[in-house]
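Observations on the model geometry
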Amino acid sequence: MADLSPASARTIRNDVAARKVSAVEMCRDALARIQASNPRLNSFLLVDVEDALARARKVDERLAAGEAPGALAGVPIAIKDNLCVRGMKTTAASKILATYVPPYDATVIERLEAAGAVIVGKTNCDEFAMGSSNENSAFGPVRNPWALSRTPGGSSGGSAAAVAAAQVPLALGSDTGGSIRQPASFCGVVGLKPTYGRVSRYGLLAFASSLDQIGPFARSVDDAALALGVIAGPDRADATSSREPVPDLTAALTGDVKGLRVGVPRTFVSEGVDDGVKAAFDAALAVLESAGARLVDVELPHAPYGVPAYYLVCTAEASSNLARYDGVKYGYRSKAAADGLQAMYTHSRSEGFGAEVKRRIMLGTYVLSAGYYDAFYLKAQQVRTLLRRDYDRAFDAADVIAMPTSPIPPFGLGEKTDDPLQMYLADIFTVSANLAGVPAISVPCGFVERGGDRLPIGFQLAGRPFDEPTLLRAADAYERLTRWPTVAPPS
Amino acid sequence: MSALTIADVERIAALAHLDLTADEKARFGKQLADILDYAQQLQTVNTEGVPATAHVHAVAGVERDDALRPSLTPQQAVANAPDAAADAGLFRVPRVIGG
């Protein structure tokens, strides 16, 4: 097949470092691509051409002044709109924050810019990262670049679509229950959720603080590793960021998986999985096996309880985190403020939040309320412990654990919006990595035909906490042997 | 499990500082009941003596030096407020006392 691939982040960086191209040229290229395809995709909520070019110019000036090129020198990158960029509108795709302009940068933004990356804009997502289809954005859904009538997944749908449509080579998203991996799977790109604590959450608009983690989208495992190396590491502004040293992630990509033990939770992945997804998953396992990896059976007995445990824990945390949106300090304030303080709080929130956010705040408030706390929230936290122990035990027998990313291929826009529970159930294979805090990655593993559309499928690997090197090595080795196209043909 | 009554929904909404329309009350009541019903399966898991995980890393009491560092100015801090006395660096809210 014709090579549609635009340059990788690593190639751009090396070319910019060698002064073969300028950061401004690469930025202009990205801006032109965005301008061409954004009207049909709606992947970007904000692109400020002058601001982006000014950022690129700064990178070129630093290089001209003799500064050593950073790891992402001149690489255009898109940022999910729940990450604060100083001076750049950050809405979390919510009406309640429609005019919010952060006075500070998230730690990941500081690190990207220190490494020479060029922020070109903010990407669409589900409101406050709550959703699996990007249909909960207050600013309209993102369309899947592979099939415009279908969802790109969520919540980081805009970041996934931007990379799949080659608008940018890299994007950041956040993953609370699969919000990087599932859209990566749906859009046919690589999506990496690092170990909880690997990346500082400072400047990420909080949804569920014990689960949220920032990570990269890319068109190769190598580029994802490159980006993670830049954003990872301890941060004094986030007490939950880990002091574990960050190893050389690029050096880990040896292509060698001989003897690597790939755990397969056969019982867990045998039910409720689309036939096409199952076939692609089995084929991916066979590829790893043919390269010398050893497939071993593992059990995750509590994984089937992941969805209910997840939705009780994350909504409880969300109900607390979102209490800050009250019309006082930032964001939308209702006209009903004239009726007093309580009316201002209540009406600002009711008018500012969308349906899914309200639903989750309600659920979280309920499970934390007197009389229900023990039966729901505490119980979910105990099951979370059992699930973590399942992973610990599984990692005694295996070095990585394989699962499909999503049990179903990308579905149609509007197909599941009336039934939140059905939408939640499709998160079955992603939520457990967040509950257990382990790193996990989705890599493209083929396509299925549905309704005349050629739809990408993702293969998920999870690793031991802070063992991103082994996880990335396995994913990269698989990618080298398969090389599925990661750029959607222009529609 | 019995469905949530409208009164249940109203009680939760009040706790969450949300004012729902009649349609939202009916819809959310049904949807939340479906979700809670589904979550009932957690009751079949034996969790006797199992500690709760509030957080995956057992880090507690992370400390740092109590050193001065730059922070937002009062003007920056109130710049996003829908109604601020920006010059004074103050947020403004509707009158609470003696209205």
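Further up the page is the structure itself.
A brief look at the structure comes next.

Conventions adopted
- Counting of residues starts from 1 at the beginning of each chain's written sequence and follows it residue by residue.
- Each chain takes a letter, starting from A, and each ligand takes a number, starting from 1, following the order in which they are written.
- Whole-chain, interface and lining totals are the exception, using all residues; otherwise, since this is a predicted model, local features are given only for residues with pLDDT of at least 70 and side-chain atom pairs are given and counted only at 80 or more.
- For helices the rule is a DSSP run of H or I covering at least 4 residues; for strands it is a run of E covering at least 2, with both sets numbered from the N terminus onward.
- Three exposure classes are used, all based on how many other C-beta atoms lie within 10 Å of a residue's own C-beta (placed from the backbone): buried at 20 or more, exposed at 12 or fewer, and partly exposed between those limits.
- In this description, any two residues whose backbone-derived C-beta atoms lie within 7 Å of each other are considered to be in contact.
- We compute the radius of gyration from the C-alpha atoms alone; for a globule the expected value is 2.2 Å times N to the 0.38, where N is the number of residues.
- For two strands to pair, DSSP has to find at least two bridges joining them.
- Think of each axis as a best-fit line through the C-alpha atoms, taken over the contacting stretch in the case of a helix, with angles from 0 to 180 degrees between the N-to-C directions.
- Any residue outside Ala, Val, Leu, Ile, Met, Phe, Trp, Tyr, Cys, Pro, Asp, Glu, Lys and Arg is labelled polar, Gly included; the first ten of those are nonpolar and the last four are charged.
- A helix is expected to span 1.5 Å for every residue after the first.
- Nonpolar cores are identified as sets of buried Ala, Val, Leu, Ile, Met, Phe, Trp, Tyr and Cys residues joined via C-beta atoms within 7 Å.
- Throughout this description, any angle smaller than 35 degrees is read as roughly parallel, any larger than 145 degrees as roughly antiparallel, any in the 65 to 115 degree range as roughly perpendicular, and the remainder as oblique.
- Handedness is read with the strands pointing away from the viewer; a crossover is right-handed when the path from the first strand over the helix to the second is clockwise.

**Overview of the overall build of chain A**
- Each helix and strand in chain A was counted, giving 16 helices and 11 strands.
- The principal-axis extents of the C-alpha atoms in chain A amount to approximately 65 × 55 × 50 Å.
- Here chain A holds 491 residues, and the buried ones make up 64% of them.
- By sequence separation, contacts in chain A at least 24 residues apart represent 77% of the contacts at least 6 residues apart.

**Observations concerning the overall build of chain B**
- Helices and strands together make up the secondary structure of chain B, namely 3 helices and 2 strands.
- Sequence-ordered secondary structure for chain B, helices as α and strands as β, is α-α-α-β-β.
- Expected size for 99 residues packed as a compact globule is a radius of gyration near 13 Å; at 23 Å, chain B overshoots this value by more than 25%.
- Projected onto the principal axes, the alpha-carbon positions of chain B cover approximately 55 × 45 × 25 Å.
- Here chain B, with 99 residues, has 18% of them falling under the buried criterion.
- Taking the intrachain contacts of chain B between residues at least 6 apart in sequence as the baseline, contacts between residues at least 24 apart amount to 26%.

**Structural notes on the sheet that holds strand 2 (residues 76-80) of chain A**
Residue and element names in this part refer to chain A.
- Taken in spatial order, the 11 strands make up an open sheet running 1-3-2-4-6-5-10-11-9-7-8, and their pairing is mixed. With partners counted over all chains shown, the strands left at the sheet margins are strand 1 (44-46) and strand 8 (294-297), one partner each. Each adjacent strand pair in this sheet contributes to an overall mean axis angle of 35°, direction not counted.
- Of the pairings in the sheet, the one linking strand 1 to strand 3 (residues 118-123) comprises 2 bridges and is antiparallel in character. Residue pairing for strand 3: Phe-44 is matched across the bridge by Thr-123.

**A few points about helix 7 (residues 221-231) of chain A**
- Burial of helix 7 of chain A is extensive: 11 of the 11 residues sit out of reach of the surface.
- Along helix 7 of chain A, the residues that are buried comprise Val221(A), Asp222(A), Asp223(A), Ala224(A), Ala225(A), Leu226(A), Ala227(A), Leu228(A), Gly229(A), Val230(A) and Ile231(A).

**Quick notes on the environment of Ile77(A)**
Residue and element names in this part refer to chain A.
- In this structure, Ile-77 sits in strand 2.
- Along the primary structure Ile-77 and Ala-117 are separated by 40 residues, whereas in three dimensions their C-alpha atoms are 6.6 Å apart.
- Those residues in contact with Ile-77 that sit more than four places away from it in its chain are Leu-112, Ala-117, Val-118, Ile-119, Val-120, Val-168, Leu-170, Ala-171 and Leu-172.

**Side note on the interface of chain A and chain B**
- Each partner contributes residues to the interface: chain A has 55 residues there, and chain B has 41 residues.
- Elements that contribute at least two residues to the side of chain A that touches chain B include exactly helix 10 (306-321), helix 11 (341-352), helix 12 (355-368), helix 13 (373-397) and helix 14 (420-425) of chain A.
- The greatest single-element share of the side of chain A that touches chain B, amounting to 11 residues, is contributed by helix 13 of chain A.
- Residues belonging to the side of chain A that touches chain B are distributed by class as follows: 29 nonpolar, 17 polar and 9 charged.

**Remarks on helix 12 of chain A**
- With 14 residues, helix 12 of chain A ought to run about 20 Å at 1.5 Å a step, and its terminal C-alpha atoms sit 20 Å apart, in line with that.
- Counted residue by residue, helix 12 of chain A has 12 buried out of 14 residues, so it is predominantly covered.
- Within helix 12 of chain A, the full set of buried residues consists of Glu356(A), Val357(A), Lys358(A), Arg359(A), Arg360(A), Ile361(A), Met362(A), Leu363(A), Gly364(A), Thr365(A), Tyr366(A) and Val367(A).
- Considering only its buried residues, helix 12 of chain A is in contact with helix 10, helix 13 and helix 14 of chain A together with helix 1 (6-15) and helix 2 (22-39) of chain B.

**Describing the nonpolar core**
Residues and elements named next belong to chain A.
- Among the nonpolar cores identified, the biggest contains 179 residues, and Ile-77, Val-118 and Val-120 are the most heavily contacted of them.
- Residue contributions to this core peak at 9 residues, all from helix 10.
- Each residue touching Val-118, except ones within four places of it in the same chain, is listed here: Ala-23, Cys-27, Ala-52, Arg-55, Ala-56, Val-59, Gly-74, Val-75, Pro-76 and Ile-77.

**Notes on the packing of helix 12 of chain A against helix 1 of chain B**
- Running from amino to carboxyl end, helix 12 of chain A crosses helix 1 of chain B at an angle of 95°, the nearest separation of the two axes being 9 Å. Taken together, the axes of helix 12 of chain A and helix 1 of chain B are roughly perpendicular relative to one another. Here helix 12 of chain A contributes Met362(A), Thr365(A) and Tyr366(A) to the contact with helix 1 of chain B, which in turn contributes Ile12(B), Ala13(B) and Leu15(B).
- The residue makeup of the contact of helix 12 of chain A with helix 1 of chain B, split by class, is 5 nonpolar, 1 polar and no charged.

**Points about the packing of helix 7 of chain A against helix 16 (residues 468-482) of chain A**
Residues and elements named next belong to chain A.
- In contact at an axis separation of 9 Å, helix 7 and helix 16 are set at 155° when each is read in the N-to-C sense. As the angle between them shows, helix 7 and helix 16 are arranged roughly antiparallel. Between helix 7 and helix 16, the contacting residues are Val-221, Asp-222, Ala-225 and Leu-228 on the first element and Glu-468, Leu-472, Ala-475, Asp-476 and Glu-479 on the second.

**Description of the pairing of strand 2 of chain A**
All names here are of chain A.
- Across the 5 residues of strand 2, 5 count as buried, placing the element largely inside the fold.
- Of the two faces of strand 2, both are covered, the one formed by Pro-76, Ala-78 and Lys-80 as well as the one formed by Ile-77 and Ile-79.
- When strand 2 meets strand 3, the two strands line up parallel, connected through 5 bridges. Residue pairing in the sheet places Pro-76 in a bridge with Val-118 of strand 3.

**Topic: the pairing of strand 3 of chain A**
- Most of strand 3 of chain A sits inside the fold, with 6 of its 6 residues counted as buried.
- On the question of chirality, the crossover connecting strand 2 of chain A to the parallel strand 3 of chain A by way of helix 4 (residues 107-114) of chain A is right-handed.

**Brief notes about unusual backbone geometry**
Residue and element names in this part refer to chain A.
- Residues Gly-154 and Ser-155 are joined by a peptide bond in cis, for which omega reads 5°.
- Inspection of the secondary structure puts Ser-155 in the loop between strand 3 and helix 5 (157-164).
- Positive phi outside glycine occurs at Ala-92, with the angle close to 55°.
- Its place among the elements puts Ala-92 in the loop between strand 2 and helix 4.
- A positive phi is found at Phe-128, a non-glycine position, where the angle reads about 55°.
- If you trace the backbone, Phe-128 turns up in the loop between strand 3 and helix 5.
- Among the residues examined, Phe-128 registers 29 C-beta atoms within 10 Å and is labelled buried.

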